[in-house]
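Take a look at the letters that make up each chain.
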Amino acid sequence: VQLQASGGGLVQAGGSLRLSCAASGRTLSSYVMGWFRQAPGKERKFVAAVSWSGGGTYYTDSVKGRFTISRDNAKNTVYLQMNSLKPEDTGVYYCAAKMGRRGYSTSATGYDYWGQGTLVTVSS
């Protein structure tokens, strides 16, 4: 499966962005999907994941209550709605797909396919 992330940009603190991850090649309903981010000079870290059906969502503590992950399997697309953005949310955001419908992973090594990343910059 090929993943294409989009929607990043420059936003002021307190603002919002919505990231999209469009898939091609295979239907996304076969995968658990996740979003990770990588700040400059730091390792890639888990942000959120959504179960294959969309019924289960998981977030790192720092984004709970501000970010919402969702998916539309009919459109083969996963979203990350980001509200109340903070400068520490700055980084390249990657979407990732984990084969199978069971469980989810907060580790980058748990995912099998990756998009190219989209840059989010939050100014103070």
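Structure: see above.
The paragraphs below set out a description of the structure included in this document. Since the structure is predicted, the reported quantities are computational estimates derived from the model, not experimental observations.

## Quick look at the overall build of the protein
- When helices and strands are tallied, the protein shows zero helices and 11 strands.
- Along the chain direction, N to C, the helices and strands of the protein fall in the order β-β-β-β-β-β-β-β-β-β-β.
- Relative to the 2.2 N^0.38 estimate, which gives 14 Å for 124 residues, the radius of gyration of the protein is 13 Å and therefore close to what a compact globule would have.
- Dimensions of the protein along its principal axes, counting C-alpha atoms only, are 40 × 25 × 25 Å.
- When each of the 124 residues of the protein is scored for burial, the buried share is 44%.
- Counted over contacts in the protein with a minimum sequence separation of 6, partners at least 24 positions apart contribute 58%.
- Here the protein has roughly 6,100 Å² of accessible surface; of this, 47% comes from carbon and sulfur atoms.
- Here the protein carries 14 positive and 6 negative side-chain charges, and the mean point of each set is 5 Å from the other.

## A short note on the side chain of N76
- Mapped onto the secondary structure, N76 falls in the loop between β7 (67-72) and β8 (77-82).
- Excluding its chain neighbours within four sequence positions, the residues that come into contact with N76 are C21, A22, A23, R26, T27 and L28.

## Here we look at the state of the cysteines
- Inspection of every chain in the model, using the stated rule, returns one disulfide.
- Note that C21 is cross-linked by a disulfide to C95, the S-S spacing being 2.1 Å. Across the S-S bond linking C21 and C95, the dihedral sits near 65 degrees, which makes this disulfide right-handed. Linking C21 in strand β3 (residues 17-24) with C95 in strand β9 (residues 91-99), this pair joins segments that are 74 residues apart in sequence. Neither residue differs from the other here; C21 and C95 are each classed as buried.

## Looking at the pairing of strand β4 (residues 31-38)
- The element β4 is largely enclosed, with a buried count of seven among its eight residues.
- Inspection of the sheet shows β4 paired to β9 by eight bridges, in the antiparallel sense. Bridging from a neighbouring strand, M33 pairs with A97 of β9.
- In terms of strand pairing, β4 meets strand β5 (residues 44-50) through six bridges, oriented antiparallel. Its bridge partner lying in β5, Q38 is registered against R44.

## Examining the nonpolar core
- L3, M33, W35, L80, M82 and Y93 are the most contacted members of the largest nonpolar core, which has 28 residues in total.
- Of all the secondary-structure elements, those providing two or more residues to this core are β1 (2-6), β3, β4, β5, β7, β8, β9 and β11 (118-123).
- Residue contributions to this core peak at four residues, all from β3.
- Grouped together as the second largest cluster of nonpolar side chains are five residues, F46, A49, A96 and Y111 included.

## Side note on the packing of aromatic side chains
- With the rule as written, the count across this model stands at eight aromatic pairs.
- Considering the side-chain rings of Y58 and Y104, the 3.7 Å spacing of their centres and the 10 degrees angle between planes classify their relative orientation as stacked. Here the residue Y58 occupies a position in strand β6 (residues 57-59), and Y104 occupies one in the loop between β9 and β10 (113-114), the gap between them amounting to 46 residues.
- Since its relative accessible area comes to 37%, Y104 is described here as partly exposed.

Conventions adopted
- Residues numbered from 1 in each chain as written.
- Predicted model: local features only at pLDDT ≥ 70, side-chain atom pairs only at ≥ 80, totals over all residues.
- Heavy atoms only, no water.
- Helix = DSSP H or I, 4+ residues; strand = E, 2+ residues; numbered from the N terminus.
- Rg over C-alpha atoms; globule rule 2.2 N^0.38 Å.
- Buried < 20%, exposed > 50% of the residue type's maximum accessible area, 1.4 Å probe, protein only.
- Contact = heavy atoms within 4.5 Å.
- Areas by Shrake-Rupley, 256 points an atom, 1.4 Å probe, with all protein chains shown as cover.
- Lys, Arg positive; Asp, Glu negative; His and termini not counted.
- Charge placed at Lys NZ, Arg CZ, Asp CG, Glu CD.
- Disulfide = S-S within 2.5 Å.
- Pairing = 2+ DSSP bridges.
- Core = buried A, V, L, I, M, F, W, Y, C linked by side-chain atoms within 4.5 Å.
- Phe/Tyr/Trp six-rings, centres within 6.5 Å; stacked < 30°, edge-to-face > 60°.

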